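Residue-level structure breakdown
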Amino acid sequence: MIAKPATKYQPIAPVALTDRTWPSRSITQAPIWLSTDLRDGNQALFEPMNGERKMRLFQELVRIGFKEIEVGFPAASQTDFDFVRRLIDEDQVPADVTIMVMTQSRPDLIERTVEAVRGAPRAIVHLYNATAPAWRRIVFGMNVTQVMEFIDQNVSHLKRLTDAEPGTEWTLQYSPETFSATELEVSLRACQTAIQAWGVGPGRRIIINLPTTVENATPNVFADQIEWMHRRLAPREHVVLSVHPHNDRGTGVAAAELAMMAGADRVEGCLFGNGERCGNVDIVTLALNMYTQGVHPGLDFSDITAVARVAEECTALPVHPRHPYAGDLVFTAFSGSHQDAIKKGFAAQDPNALWEVPYLPIDPADLGRTYDSVIRVNSQSGKGGIAFLLEREHGVVMPRRMQVEFSAVVQRQTDASEGEMTGDALWSLFQATYLATGPGAAIVCHGHKLADDGQGIELDVSIDGTRQTLQGQGNGPIAATVDALGLPLRVDHYEERATGTGANAQALAIVEAALEGVAGSTFGAGASHNIVTASVQAIVSVANRLAQRRGEGTRAATTAAA
Ligand SMILES: CC(=O)SCCNC(=O)CCNC(=O)[C@H](O)C(C)(C)COP(=O)(O)OP(=O)(O)OC[C@H]1O[C@@H](n2cnc3c(N)ncnc32)[C@H](O)[C@@H]1OP(=O)(O)O
Ligand SMILES: CC(C)C(=O)C(=O)O
Ligand SMILES: [Mg+2]
C-alpha cells in the first residue's frame, strides 16, 4: 500500500444540495423491482447459465413476484437470443410480467435486440452508454456534445424500429452507465436527450435508470445525486426513476435505501447480491429489510432456503453462511447470553403481538426457517442455550440452579472437544451425569416395593458391590427412600414431569439435595415409566453424586495435607 493514498485516489465531490429532503423521509412502500439476475448476474458468472438454468431461474423469479425481469443481452450471444425467443414463442411470460432486454447503443446490436423480442406483447429495451469523464476520454474518445448526439441517434434508431412493430407495447429504459461518476449536469443532459428522442408523454413512459456502475462514494452522496435528478427530470410524471446500485464499497443496500428515500421509484438488483465484481444490490436483503420495518416488499421470500438453493444451483455460487436473512448461520446463536435472551424471548412472545424476541430481527418462521438451528452449543454457550436445546429436543426442564450446574459440565466437555454439541449429545451427557447408576456408582438400586399406605419402602440395592435390602419410613416415597439409605441427606427441592408422549412417555424426577459434611447442594435425576421408580432413582442418583463429592473432598484434603 502506498503511504499517501491521496496522491492516487480522489474522493468524489459532494453534491451541492443544501436543502436535501431525503434524510427525513422513510420507506413506506415497495419500489418496482427489476431482477437483473439473468443479465448483470449472468454476465458475471464463471460459466454463464445455459438456457435450462436461465429458464429455471426465470420461473423462480416469477414465482417470487417480480413483475419486471431483465432476461438477457440477446445481441451478445446465441444462448441469450434463443432464450428470449423461447420465452416468447412458448408463451412463458405471465400476463402481468414484462421482460427487458439490454443492448449497447450500436445500430446493429439494437436491430438484433428488437428482432429477439419481436412478437412479445410487452417489452422494455434497455439502452446504455457510459457518460463519465474517464469513459468519454478513454473508451469512446467523445466530448460531451458528441455523447449527446450519440444518444439521440441511437434512441431515434430504436424508436424507428419499434414504431414499426405496433403489436408490442414498447418501453425504453435508458441508463447513463457510470452515472455516479458523471457530472450531474452531463447525466441530466444525457437523460433529457433520451427522453426527447423517445418522445415521452401520456401513455408513453420512459425508465431512467441511474447506476452506481462502480460504487464510488458513501451512500448519502448517491442519495443526493438521485434527489438532484429527481427534482429536474422532466416530464417527471412520465419518467420512472430507477436505480441500479453495485456493491464495490459494500454499501449497495444502503445506497438503494437512501435512493428510495430520495425519489427512486424502482430498484434493479440480483438475488443474494450476485452480479459484476462485488455484486449488484441484494434484493433479498433490501426486501426483507423493508419487511422488518412493517412494509410488505411485494416479493415472496416465505421459503428463503428454497430460493437460495435455486439461486445456488443456477449460478453455481454459494450463499454465504452469514448472508443477511438467508445464510445458514443467521438464525443460530452460539453465545451464552444471546441464547439465554432468545430462550426467554420465545417463551415471552405472544403470537399476536409485535415481534420482540431479542437478537432475532425477524421471525424465522416468516422465512420458512424453523427454530431448529436457532440455538447451538459450543464453548461460548451458557446455560440458556443448553436448557433450551434439552427442553425442546428431549422435554427436560431443568430448575435454574441445575442449569447453572450442568452448564459447567457441558463447558468442560466443549472445551475439551473444541466442538459443537448437538441436542442428542447434551442429552447423553445429561444421562451420564444425572441418571447413571451403573458400575461406577456406590449405590445401585435394582428395585423397590412401596407399602400399601405409601409410607414405607423396601429397597433392593447394592452398596459398594454388596447386595442388600433396606427398609425406610416416611410421609412419601422420597422421605422413605432417604430414610432407607440411612444417609444424612437433606432434600431441598423435588420436581417431576412427563417427557415424551403416548407409549414413549416417561416421568423425569429431579431432586436437589445436600449431604452433611459436603459443601453445597447438587442435583440428581431419575427417569422411568413409573413415577415412584423415577423418584427413587433420583434420590439414589443425588446420593451417589454427593457421596462422590465427599470422596473427592477427602482426597483433596489428603493431597493438600501431603
Ligand atoms: C455495466 C454493465 O454491466 S454494461 C453491460 C455489459 N455487458 C456486456 O458487455 C455483456 C455482453 N457483451 C458482449 O458480449 C460484447 O461486448 C458484445 C457482443 C455486445 C459486443 O462485442 P464486441 O463488438 O466484440 O465489442 P466489445 O465487447 O469489445 O466492446 C467494446 C466496444 O464496444 C463499445 N461500447 C462499449 N459500450 C458501449 C455502449 N454502451 N454503446 C455503444 N458502444 C459501446 C466500446 O467503445 C468498444 O468499441 P470499439 O471496439 O470501437 O473500441
Ligand atoms: C445499468 C447498466 C448499464 C449496468 O449494469 C451498470 O451500469 O452497472
Ligand atoms: Mg450493472
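The shown structure was predicted, so the numbers you read here are calculated from the model rather than taken from an experiment.

The rules behind each value
- Residues numbered from 1 in each chain as written.
- Chains lettered and ligands numbered in written order.
- Predicted model: local features only at pLDDT ≥ 70, side-chain atom pairs only at ≥ 80, totals over all residues.
- UniProt positions renumbered as here; feature names shortened; annotations may be inferred.
- Helix = DSSP H or I, 4+ residues; strand = E, 2+ residues; numbered from the N terminus.
- Contact = placed C-beta atoms within 7 Å.
- Domains from an automatic or database assignment.
- Buried ≥ 20, exposed ≤ 12 C-beta atoms within 10 Å, placed from the backbone.
- Core = buried A, V, L, I, M, F, W, Y, C linked by C-beta atoms within 7 Å.
- Near = placed C-beta within 6 Å.
- Pairing = 2+ DSSP bridges.
- Axes fitted to C-alpha atoms, helices over the stretch in contact; angles between N-to-C directions.
- Nonpolar A, V, L, I, M, F, W, Y, C, P; charged D, E, K, R; others polar.

**Considerations on the UniProt feature "binding site: Mg(2+)" (unreviewed entry) in the protein chain**
Per the UniProt record, "binding site: Mg(2+)" (unreviewed entry) is found at Asp 40, His 244, His 246 and Asn 280. For the residues just named, distributed over 241 residues, the greatest C-alpha separation is only 10.4 Å, placing them together at one site. Within the element layout of this structure, Asp 40 appears in helix H1 (residues 37–43). With residues up to four places along the chain from it excluded, the contact list for Asp 40 reads Cys 270, Gly 275, Glu 276 and Asn 280.

**With respect to the domain arrangement of the protein chain**
On domain assignment, one finds that the protein chain holds domain 1 (33–315), domain 2 (336–367), domain 3 (383–435) and domain 4 (443–560). A C-alpha centroid distance of 73 Å is found between domain 1 and domain 4.

**Observations regarding unusual backbone geometry**
Residue Pro 235 is reached from Ala 234 by a cis peptide bond, and omega for that bond is -5°. Residue Arg 277 is not a glycine yet carries a positive backbone phi of 55°. On the basis of neighbour count, Arg 277 is assigned to the exposed category, with 11 C-beta atoms found within 10 Å. Unusually for a residue other than glycine, Glu 418 sits at a positive phi of about 55°. Take Glu 418: it is sitting in the loop between helix H14 (400–417) and helix H15 (423–435).

**Some remarks on the nonpolar core**
Nonpolar side chains in soluble globular proteins tend to be buried together. Counting residues in each nonpolar core, the largest one holds 95 residues, and the members touching the most others are Val 71, Val 101, Ala 194, Ile 206 and Ala 259. Among the elements that make up this core, the one with the highest residue count is helix H9 (residues 252–261) (8 residues). If sequence neighbours within four positions are ignored, Ala 259 has contacts with Phe 222, Ala 223, Ile 226, Val 243 and Ala 264. Of all hydrophobic cores here, the second largest spans 50 residues; its members include Ala 387, Cys 445, Ala 527 and Leu 546.

**Comments concerning the site of ligand 2**
For ligand 2, the full set of nearby residues is Asp 40, Tyr 128, Ser 175, Glu 177, Asn 209, Pro 211, Thr 213, His 244 and His 246. Contributions of two or more residues to the shell around ligand 2 are made by strand S5 (169–177) and strand S6 (206–212).

**Focus on the UniProt feature "domain: Pyruvate carboxyltransferase" (unreviewed entry) in the protein chain**
Cross-referencing UniProt, the feature "domain: Pyruvate carboxyltransferase" (unreviewed entry) maps to residues 31–305 in the present numbering. The span residues 31–305 is 44% helical and 19% strand by assignment, and the distance between its end C-alpha atoms comes to 24 Å.

**Details of the sheet that holds strand S10 (residues 456–463)**
Taken in spatial order, the 3 strands make up an open sheet running S9-S10-S11, and their pairing is antiparallel. With one partner strand each, in any of the chains shown, strand S9 (443–450) and strand S11 (466–473) form the two edges of the open sheet. Here the average twist between neighbouring strands, direction ignored, is 25°. Inspection of the sheet shows S9 paired to S10 by 7 bridges, in the antiparallel sense. Paired with Val 444 across the two strands is Ser 462, which belongs to S10.

**A word on the site of ligand 1**
Close to ligand 1 lie 16 residues; Gln 43, Ala 76, Gln 104, Ser 105 and Asn 129 are nearest. Looking at the shell around ligand 1, the elements with two or more residues in it are H1, strand S4 (122–130) and helix H5 (133–140). Of the residues in the shell around ligand 1, the class split is 7 nonpolar, 5 polar and 4 charged.

**Details of the sheet that holds strand S14 (residues 521–528)**
Strands in a sheet are paired, the pairing made by backbone hydrogen bonds, and the direction either parallel or antiparallel. A sheet is described by the order of its strands in space; here 3 strands give the open sequence S12-S13-S14, paired in antiparallel fashion. At either end of the open sheet lies a strand with only one pairing partner, and these are strand S12 (489–499) and S14. Pairs of neighbouring strands in the sheet enclose a mean axial angle of 20°, with direction left out of account. Judged from the 8 bridges that link them, strand S13 (residues 506–515) and S14 form a sheet pairing that is antiparallel. Among the inter-strand pairings, Ile 510 is bridged to a residue of S14, identified as Ala 525.

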